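# Fold and contact review
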Amino acid sequence: MPRIAVYGAGSIGCYVGGRLAAVGADVVFVGRQRIADEVREHGLRFSDLDGADVRVAAVDYRTDPDAVVDASLVLVTVKSSATPDVAAALAPLLRNDAVVVSLQNGLSNAVVLREKITRPVLTGMVPFNVVAQGEGLFHQGSEGGIEVEDSGLLAPYLSLFDAAGLPLTVRSDMDAVLWAKLLLNLNNPINALSGLPLKTELSQRSYRRCIAAAQREALAVGKVAGRTAARLTPLPPAWIPRLLTVPDIVFRNVASSMLAIDPLARSSMWEDLEAGRVTEVDWINGEVVRLGREYGVATPVNDRLVELIRDAERGGRRNWSGPELLDVLLRR
Ligand SMILES: NC(=O)C1=CN([C@@H]2O[C@H](COP(=O)(O)OP(=O)(O)OC[C@H]3O[C@@H](n4cnc5c(N)ncnc54)[C@H](OP(=O)(O)O)[C@@H]3O)[C@@H](O)[C@H]2O)C=CC1
Ligand SMILES: CC(C)(CO)C(=O)C(=O)O
């Protein structure tokens, strides 16, 4: 059986790898000692919105990068700041038939991996939220299926992912998929600054107006930069800002799928601030700022979100109410 390595096994890695291992795949998890200890003490469990709650038998969680040497598929699940180190660590260790898939947010992770890795590196996109709930439990708190770059190289694994309840949708327009996911991720800093679960935050119009402002800016930059966004939601990406700004009562009725989120789910950026880690803001809102500079489009809302998260990373963290945040973001 082909061996699958999950490199950087935290929330996404433990969840995806856990689901694969639960259906008998040969999975090795590579990550930090603290998670290795947690999994050794409590075992690895995953749960989801549909009521699944599965304990994975015999988890192979290692801290040494050498664990990838036997893997024919390597799923990279570190945060974006760690990608250059991971590229350097993986490059000399990969089998000469290995395939690497980046399951990360942002636009550039696969590109960074390809700078060092000579084996094929494919882009992937995880639409759903996973929260590490402690004691080895990783919970999927929103819906959606993983999308991956079209390549025959993943054909041997498709039935395994299907069996694991993680069907892979193969796409030939991954640049558009990554851009559309980035538009949704523009909410990550807003959620992190709110200090609220996603569902509570998205239920409040003032926060949604913040997201809409960040998205409108990104859509304007994307138009000039020639970036199209794939349709990942029932509405086309360009209509979402309008939907976000409707009154709460209308939003609850017309956008119920956007609120189909576990009440505990938070953005991965909230998890980073909570753990005192550097966030991915430079790879999310920072990408809009960079593109704006390149194409001469002002991006004051995303500029401010980047600044506010940087302050929070430096220790100036506080919980922003929706009206306070909106006021700061829209102040000219
Ligand atoms: N969580 C979510 O709901 C979602 C996340 N994503 C994206 O998926 C990616 C992974 O996110 P997530 O799972 O939340 O991240 P996590 O921080 O939970 O997991 C990444 C793990 O990799 C570890 N790590 C970092 N560097 C290395 C290294 N060099 N070698 C081995 N392990 C390393 C980290 O340790 P340490 O903390 O010590 O650095 C951490 O334990 C991100 O790009 C994120 O944006 C996408 C969709 C949803
Ligand atoms: C799933 C989603 C959009 C949840 O916020 C995410 O990608 C993240 O938290 O990084």
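Quick look at the structure, then. Note that this is a predicted model, so its numbers are computed, not measured.

## Quick notes on the side chain of Glu271
Examined against the element boundaries, Glu271 turns out to sit in helix 12 (residues 268-274). Of the side chains bearing the opposite charge, Arg277 lies closest to the buried Glu271, which forms no salt bridge; the N-O distance is 4.8 Å. Filtering out sequence-adjacent residues up to four positions away, Glu271 remains in contact with Ser11, Val130, Val131, Ala132 and Arg277.

## Here we look at the site of ligand 1
Ligand 1 sits among 25 residues. The nearest are Ile12, Arg34, Asn105, Val130 and Glu280. One of the backbone nitrogen or oxygen atoms of Gly8 is found 3.4 Å away from an oxygen atom of ligand 1. Relative to its free-state accessible area of 900 Å², ligand 1 is covered by the protein chains to the extent of 88%. Along the lines of polarity and charge, the residues of the shell around ligand 1 split into 10 nonpolar, 9 polar and 6 charged.

## Brief notes about the sheet that holds strand 4 (residues 53-56)
In spatial order, the strands read 4-3-10-9; together these 4 strands make up an open sheet with mixed pairing. At either end of the open sheet lies a strand with only one pairing partner, and these are strand 4 and strand 9 (130-134). Adjacent strand axes in the sheet meet at a mean angle of 25°, parallel and antiparallel pairs treated alike. Pairing analysis gives 3 bridges linking strand 3 (residues 44-47) to strand 10 (residues 137-140), with the strands arranged parallel. Residue pairing in the sheet places Ser47 in a bridge with His139 of strand 10. Contacts from helix 1 (residues 11-22) reach strand 3, strand 4, strand 9 and strand 10 within the one sheet, and its direction differs from that of strand 3 by about 95°.

## As for the pairing of strand 7 (residues 99-102)
Across the two faces of strand 7 the burial is the same, with Val99 and Val101 and Val100 and Ser102 all buried. The pairing of strand 6 (residues 73-76) with strand 7 spans 4 bridges and is classified as parallel. Its bridge partner being in strand 7, Leu75 is matched across the sheet by Val101. The parallel pair strand 6 and strand 7 is bridged by helix 3 (residues 83-90), and the resulting crossover is right-handed. Both strand 7 and strand 8 (residues 121-125) contribute to a ladder of 3 bridges, which runs parallel. Bridging across to strand 8, Val101 finds its partner in Leu122. In this region the chain leaves strand 7, passes through helix 4 (residues 109-116) and returns to the parallel neighbour strand 8; the handedness of that crossover is right-handed.

## With respect to the packing of helix 9 (residues 205-225) against helix 14 (residues 300-313)
At a minimum axis distance of 8 Å, the contact between helix 9 and helix 14 shows a crossing angle of 120°. When the interaxial angle is binned, helix 9 and helix 14 end up oblique. Across the interface between the two elements, Ala213, Ala214 and Glu217 of helix 9 pack against Pro300, Val301, Asn302 and Leu305 of helix 14. A breakdown of the residues in the contact of helix 9 with helix 14 according to their chemical character gives 5 nonpolar, 1 polar and 1 charged.

## Describing the packing of aromatic side chains
A complete count under the given rule lists 3 aromatic pairs for this structure. Measuring from ring centre to ring centre gives 5.7 Å for Tyr15 and Phe128, while their planes differ by 65°; the resulting arrangement is edge-to-face. Here Tyr15, found in helix 1, pairs with Phe128, found in the loop between strand 8 and strand 9; they are 113 residues apart in sequence, far enough to count as distant. Note on Phe29 and Tyr61: the rings are 6.1 Å apart at their centroids and 5° apart in plane angle, and the pair reads as stacked. Here Tyr61 lies in strand 5 (residues 60-62) and Phe29 lies in strand 2 (residues 26-30), a separation of 32 residues in the sequence. Residue classification places Phe29 among the buried positions, given a relative accessible area of 1%. Each residue in the set Tyr15, Phe46 and Phe128 is aromatic and connected to the rest through ring pairs, giving one cluster. In this structure, Arg208 is placed above the aromatic ring of Phe251, and the distance from its NZ or CZ to the ring centre is 4.0 Å. Cation over ring: Arg266 sits above Trp270, and NZ or CZ is 4.1 Å from the ring centre.

## Remarks on the environment of Ser72
Here Ser72 lies in the loop between strand 5 and strand 6. Here the alpha-carbon distance between Ser72 and Arg95, two residues 23 residues apart in the chain, equals 6.8 Å. Sequence-distant contacts of Ser72, that is, excluding residues within four places in its chain, are made with Pro2, Arg3, Arg95, Asp97, Ala98, Val99 and Tyr157.

Parameters and conventions
- Residues numbered from 1 in each chain as written.
- Chains lettered and ligands numbered in written order.
- Predicted model: local features only at pLDDT ≥ 70, side-chain atom pairs only at ≥ 80, totals over all residues.
- Heavy atoms only, no water.
- Helix = DSSP H or I, 4+ residues; strand = E, 2+ residues; numbered from the N terminus.
- Buried < 20%, exposed > 50% of the residue type's maximum accessible area, 1.4 Å probe, protein only.
- Lys, Arg positive; Asp, Glu negative; His and termini not counted.
- Salt bridge = Lys/Arg side-chain N within 4 Å of Asp/Glu carboxyl O.
- Contact = heavy atoms within 4.5 Å.
- Near = heavy atom within 4 Å.
- Polar contact = N/O pair within 3.5 Å; in protein donor to acceptor, adjacent residues only side chain to side chain.
- Areas by Shrake-Rupley, 256 points an atom, 1.4 Å probe, with all protein chains shown as cover.
- Nonpolar A, V, L, I, M, F, W, Y, C, P; charged D, E, K, R; others polar.
- Pairing = 2+ DSSP bridges.
- Axes fitted to C-alpha atoms, helices over the stretch in contact; angles between N-to-C directions.
- Right-handed = clockwise from strand over helix to strand, strands pointing away.
- Parallel < 35°, antiparallel > 145°, perpendicular 65-115°, else oblique.
- Phe/Tyr/Trp six-rings, centres within 6.5 Å; stacked < 30°, edge-to-face > 60°.
- Lys NZ or Arg CZ within 6 Å of the ring centre and 35° of its normal.

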